[in-house]
Amino acid sequence: MSEGLGFSVFTELPAYTAAVAELPVSAALAENAHGAVAVVPGAGDWWQAMLAARAGGAAAVVLADPAVLPRGAVESERWPGDIPVIVERPRIRPDLVAAAVAARRGSPARIITVECAAPAAGLGALICDGFGWMRSLAGGAVAFQSSIATVHSRIALLHAGDSQGGTVPATLSATAIGGPHAGGLLQVLALGEVRTEVTVDQPAGLARVETVTEEGSLRAPERYESSARLALRRAFDACLADDPATDLAELLQDMALTRALLDA
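Keep in mind the model is a prediction, meaning the values are calculated, not measured. Once a new chain begins, its residue numbering starts again from 1 and follows that chain's sequence as written. Restriction of local features to residues with pLDDT of at least 70 applies here, the model being predicted, together with a cutoff of 80 or more for giving and counting side-chain atom pairs; totals for whole chains, interfaces and linings are based on all residues. Only heavy atoms go into the side-chain values, all of them from the structure, while hydrogens and water stay out.

Novice: I'd like a rundown of the overall build of the protein, residues and numbers included.
Specialist: When you go through the protein residue by residue, the secondary structure sums to 6 helices and 14 strands. Against the globule reference of 18 Å for 264 residues, the protein gives a C-alpha radius of gyration of 19 Å, in line with a compact fold. Throughout, exposure labels follow a simple rule: accessible area from a 1.4 Å probe, protein chains only, divided by the maximum for the residue type, with under 20% read as buried, over 50% as exposed, and the rest as partly exposed. When burial is assessed residue by residue, the protein has 44% of its 264 residues classed as buried. Long-range contacts, defined as pairs at least 24 residues apart, comprise 62% of the intrachain contacts of the protein with a sequence gap of at least 6. Carbon and sulfur atoms form 56% of the exposed surface of the protein, whose accessible area is close to 12800 Å². Here the protein contributes 19 positively and 29 negatively charged side chains, and the mean placements of these two sets differ by 5 Å. Numbering of helices and strands starts at the N terminus; helices are DSSP runs of H or I of at least 4 residues and strands are runs of E of at least 2. As defined in this context, the radius of gyration uses C-alpha atoms, and a globule is described by 2.2 Å times the residue total to the power 0.38. Residues count as neighbours in contact if any of their non-hydrogen atoms are within 4.5 Å of one another. The Shrake-Rupley method, run with a 1.4 Å probe sphere, supplies the accessible areas, and residue values consider only the shown protein chains as cover. Neither His nor the chain ends is counted toward charge; the positive residues are Lys and Arg and the negative residues Asp and Glu. The atoms used to mark charge sites are NZ of Lys, CZ of Arg, CG of Asp and CD of Glu.

Novice: Give me the environment of Ala67: which residues, what numbers.
Specialist: With respect to the element layout, Ala67 can be found in the loop between strand E5 (60-64) and strand E6 (85-88). Assessed through its relative accessible area of 33%, Ala67 is described here as partly exposed. Along the primary structure Ala67 and Arg93 are separated by 26 residues, whereas in three dimensions their C-alpha atoms are 16 Å apart. When sequence neighbours within four positions are dropped, the list of residues in contact with Ala67 reads Gly42, Trp46 and Met255.

Novice: Any chance you could break down the layout of surface pockets for me, citing the residues and the numbers?
Specialist: A pocket, in this scheme, is an open set of points on a 1 Å grid over the protein atoms alone with protein on both sides within 12 Å along at least 5 of 7 lines, while a cavity is a set where a 1.4 Å probe fits but cannot get out; residues line either one if an atom lies within 4 Å of a point. Grid points are joined across faces, edges and corners, and a volume is the space filled by probe spheres set on the points. Taken as a whole, the largest pocket holds about 590 Å³ of empty space. Looking at the largest pocket, it is lined by 23 residues, and the ones nearest its centre are Pro90, Arg93, Gly205, Leu206 and Ala207. Those elements giving two or more residues to the lining of the largest pocket turn out to be strand E12 (195-201) and strand E13 (206-213). No other element matches the 4 residues that E13 contributes to the lining of the largest pocket. Grouping the amino acids of the lining of the largest pocket by side-chain chemistry returns 9 nonpolar, 4 polar and 10 charged. In this model, the second largest pocket occupies a volume close to 380 Å³. In terms of lining residues, the second largest pocket is bounded by 20 residues, among which Trp79, Gly81, Ala245, Leu248 and Ala249 are the most central. In terms of residue count, the dominant contributor to the lining of the second largest pocket is helix H6 (residues 247-262) (3 residues). Under the scheme applied here, ten amino acids are nonpolar (Ala, Val, Leu, Ile, Met, Phe, Trp, Tyr, Cys and Pro), four are charged (Asp, Glu, Lys and Arg), and all others, including Gly, are polar.

Novice: Break down the packing of aromatic side chains for me, citing the residues and quoting the values.
Specialist: The relative placement of two aromatic rings is captured by the distance of their centres and the angle of their planes. Each aromatic pair joins two rings of Phe, Tyr and Trp (for Trp, the six-membered one) with centres within 6.5 Å, and gets the label stacked for planes under 30 degrees apart, edge-to-face for over 60, and tilted for any other angle. For the coordinates displayed, the defined rule picks out 3 aromatic pairs. Here the aromatic rings of Trp46 and Trp47 are separated by 6.4 Å at their centres, their planes lie at 65°, and the arrangement is edge-to-face. Look at Trp47 and you get buried, because its relative accessible area is 0%. With centroids separated by 6.0 Å and ring planes inclined at 70°, the aromatic side chains of Trp47 and Trp79 adopt a geometry described as edge-to-face. Of the two residues, Trp47 sits in helix H2 (residues 46-55) while Trp79 sits in the loop between E5 and E6, which places them 32 residues apart along the sequence. Judged on exposure class, the residue Trp47 and its partner Trp79 are both buried. Members of the aromatic cluster, connected to one another through ring pairs, are Trp46, Trp47 and Trp79.

Novice: Tell me about the sheet that holds E13, and name the residues and values.
Specialist: Note on pairing: two strands pair once DSSP finds at least 2 bridges between them. Strand order in the open sheet formed by 8 strands is E8-E9-E10-E7-E11-E12-E13-E14, with mixed pairing between adjacent strands. A strand with exactly one partner marks an edge of an open sheet, and here the two such strands are strand E8 (142-149) and strand E14 (216-219). Ignoring which end each strand starts from, the neighbouring axes of this sheet average 15° apart. Axis definition: a line fit to C-alpha positions, over the contact stretch in the case of helices; interaxial angles, taken between N-to-C directions, run 0 to 180 degrees. Its contacts with the sheet put helix H3 (residues 94-103) on E12, E13 and E14, and the angle it makes with E13 is roughly 10°.

Novice: Help me get a handle on the packing of helix H4 (residues 120-138) against H6, residues and values and all.
Specialist: As a packed pair, H4 and H6 sit with axes 8 Å apart at the nearest point and diverge in direction by 120°. As judged from the angle between their axes, H4 and H6 are oblique. Considering only the axes of H4 and H6, their crossing is right-handed. Each of Gly124, Ile127, Cys128, Phe131, Gly132 and Arg135 in H4 lies in contact with H6, whose residues at this interface are Glu250, Leu251, Gln253, Asp254, Met255, Leu257, Thr258, Leu261 and Leu262. Class assignment of the residues belonging to the contact of H4 with H6 gives a composition of 8 nonpolar, 4 polar and 3 charged. When an angle is under 35 degrees it counts as roughly parallel; over 145 it counts as roughly antiparallel; between 65 and 115 it counts as roughly perpendicular; any other value is oblique. By the definition used in this description, the sense in which the near helix is turned from the far one sets the handedness, with an anticlockwise turn below a right angle giving left-handed and a clockwise turn giving right-handed.

Any link to function would need more than the numbers given here.
Here is the structure:
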């Protein structure tokens, strides 16, 4: 699993090669997946690629920016669970989520709205991350209620939260747009006694979390660490931790909601 005092990382993605170079004490590149943290690209059939990395002896898997897999690609199998999986979702970074939740100081959301806009090819991944933000700010699972679809857009009505804290109404709208740029725009509002506003604009390189209370407005500090570097550090921590990471289970929940909306 490690070389000296650090971890070995097997990757062919330039962003992760750069991230390893930024972690010279704790990480070094490996020639294969055996005993290493294996980085699996999120394009294509990443489920089978993760299983292949596990079969190759990987100590952990980092799944980089996964696309939404078709129905049946995952449900037919279960992740063995004997090695940790960290999912890099650049539009829903765990450090930004933690900052957004902490800034609410326990104040529950009364309603949550999510808006997504992206080229059609990338809209599914953006919707998936929108559901992730909804789940995180509600503090519990998201349940699909109903939806309406047009040629270029979708809107869903949902309930979010848990049975103890109560559920809140939530909506998610998604619009397919044109344009030459990859990525898209994701906006999240959690309204109540405290207002949380999240804006992720990938073409502009913007990720902003603002919280408004009776005391004023607070903006979370800008994150300069790359999403890939953060994912590697979390993978190293997961290799040493006793508790399994929940990234994959949360991703699969969000993917199921995404497919329900896209198939409507």
